[in-house]
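# Close look at the chain arrangement
Single-letter residue listing:
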Amino acid sequence: LNVQSPLREVGFFGPSGEGLYCLTGSETMSVWHHDSAQRICDFGDSRAHLTASAGIPIEFLVGCNWNGSDLHLMAGNSGGDAALFRVDAGAISLTHKLTGGHKGCIRATTWPLQQSSVTNSFITAGEDARLCEWNLNGSSSPASLLPKNSHNNSVNTTTSPYKTTNSRKPKKGGGPARRQKDKKKSSNIASPY
């Protein structure tokens, strides 16, 4: 396979894993048939189409996921908004808008295993140091979603069994700079430097 651009992410999809999706560093996407190495569709740089479809600016492609029946593409912007699209053989269509969770670029997403009973939720990670859990509630119509358990102006928008920091503001900086006190060097000891 030659997708003619440096690859950023590849993955299998389809009932038997016969499909292969490719995302590139130049924000293009193509899908291939794995066994025959035939390209099914080259979507190219589809950010303008995705922007028009989602109604929010799309600046980059985040990643893809096969949920057992559909291939989904997540794309987003530097403001933290994103959209989820269904990828078919020759078309990409909007399924959900994701707003209000991140304040910066979403860089990664993870989905539960297909064997999980919770296949309608997933987690995103962003440059804003947030993890957001999103719940699609089984809705297939385009809708703006808020993160699960979202609180306005909260620092941590995910639920965690380990630590909750919803009411605490992040610390800025590392405190005052401290210099190590100079130790007087003995004049009779030679320095190896």
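Sequence order sets the numbering: in each chain, residues are counted from 1 along the sequence as written. Restriction of local features to residues with pLDDT of at least 70 applies here, the model being predicted, together with a cutoff of 80 or more for giving and counting side-chain atom pairs; totals for whole chains, interfaces and linings are based on all residues. For the side-chain quantities, the full set of heavy atoms in the structure was used; hydrogens and water were omitted.

## Points about the sheet that holds strand S4 (residues 38–44)
The test is simple: Strand pairing requires that DSSP identify at least two bridges connecting the strands. Here a helix means four or more residues in a row that DSSP labels H or I, a strand means two or more in a row labelled E, and each is numbered from the N terminus. Lines are fitted to the C-alpha atoms to define the axes, a helix being fitted only along its stretch in contact, and any angle between axes, read from their N-to-C directions, falls within 0 to 180 degrees.
Taken in spatial order, the four strands line up as S1-S2-S3-S4 in an open sheet, and their pairing is antiparallel. In this open sheet, the two edge strands, each paired with only one partner strand, are strand S1 (7–13) and S4. Pairwise comparison of adjacent strand axes, ignoring direction, gives a mean angle of 15° for this sheet. The pairing of S1 with strand S2 (residues 19–24) spans six bridges and is classified as antiparallel.

## Topic: unusual backbone geometry
What counts here: Only protein chains enter the accessibility calculation, which uses a 1.4 Å probe. A residue is then buried if its area is under 20% of the maximum for its type, exposed if over 50%, and partly exposed in between.
Unlike most non-glycine residues, alanine 37 shows phi in positive territory, near 60°. Within the element layout of this structure, alanine 37 appears in the loop between strand S3 (29–33) and S4. In this structure alanine 37 comes out as partly exposed when scored by relative accessible area, which is 36%. The backbone of alanine 129 sits at a positive phi, close to 70°, despite the residue not being glycine. Its place among the elements puts alanine 129 in the loop between strand S10 (121–126) and strand S11 (131–135). The exposure class of alanine 129 is exposed, given its relative accessible area of 74%.

## Examining the environment of alanine 108
Considering the arrangement of structural elements, one finds alanine 108 in strand S9 (residues 106–110). Accessibility expressed as a relative area gives 35% for alanine 108, which makes it partly exposed.

## Some words on the nonpolar core
Soluble, globular proteins show a tendency: their nonpolar side chains are buried together. Definition in use: For this analysis, a nonpolar core means a set of buried residues of the types Ala, Val, Leu, Ile, Met, Phe, Trp, Tyr and Cys, connected via side-chain atoms within 4.5 Å. It only takes one pair of heavy atoms within 4.5 Å for two residues to be counted as in contact.
One finds Met29, Val31, Leu71, Leu73 and Phe85 to be the most contacted residues of the largest nonpolar core, which totals 22 residues. Listing elements by their share of this core, those giving two or more residues are S2, S3, S4, helix H1 (47–54), strand S5 (60–66), strand S6 (71–76), strand S7 (82–87) and strand S8 (92–98). Leaving out residues up to four positions away in the same chain, valine 31 has contacts with Phe13, Leu20, Tyr21, Arg39, Ile40, Cys41, Phe43, Leu71 and Val87. Counting 13 residues, the second largest nonpolar core, distinct from the first, contains Leu98, Trp111, Phe122 and Cys132.

## Focus: the pattern of salt bridges
As a reminder of what qualifies: The rule for a salt bridge is simple: a side-chain nitrogen of Lys or Arg has to be within 4 Å of a carboxyl oxygen of Asp or Glu.
Taken as a whole, this structure holds six salt bridges when the rule is applied. A salt bridge links arginine 86 to aspartate 88; the nearest nitrogen and oxygen atoms lie 3.5 Å apart. When its relative accessible area of 29% is taken as the criterion, arginine 86 is described as partly exposed.

## Observations concerning the sheet that holds S9
The antiparallel open sheet is built from three strands, whose spatial order is S9-S10-S11. Each edge of the open sheet carries a strand with a single partner, namely S9 and S11. For this sheet, the mean inter-axis angle between neighbouring strands, taken without regard to orientation, is 25°. Two strands pair when backbone bridges link them, and S9 and S10 are joined in this way by four bridges, in the antiparallel orientation. Across the sheet, residue alanine 108 finds its bridge partner in S10, namely alanine 125.

## Notes on the pairing of S11
Note: S10 against S11, five bridges, orientation antiparallel. By the bridge assignment for S11, threonine 124 is matched with cysteine 132.

## As for the packing of aromatic side chains
We apply this condition: Each pair of aromatic rings taken from Phe, Tyr and Trp, with Trp reduced to its six-membered ring, is defined by centres within 6.5 Å and is described as stacked if the planes are under 30 degrees apart, edge-to-face if over 60, and tilted in the remaining cases. The rule is short: NZ of Lys or CZ of Arg within 6 Å of the ring centre and within 35 degrees of the ring normal puts a charge over the ring.
One pass over the structure, following the stated rule, counts one aromatic pair. Aromatic side chains phenylalanine 13 and tryptophan 66 sit 6.2 Å apart centroid to centroid with 45° between the ring planes, which places their arrangement in the tilted category. Remark: tryptophan 66 occurs in strand S5 and phenylalanine 13 occurs in strand S1; sequence separation between them is 53 residues. With a relative accessible area of 18%, tryptophan 66 lands in the buried category. Here the basic side chain of arginine 107 rests over the ring of phenylalanine 60, its NZ or CZ set 5.0 Å away from the ring centre.

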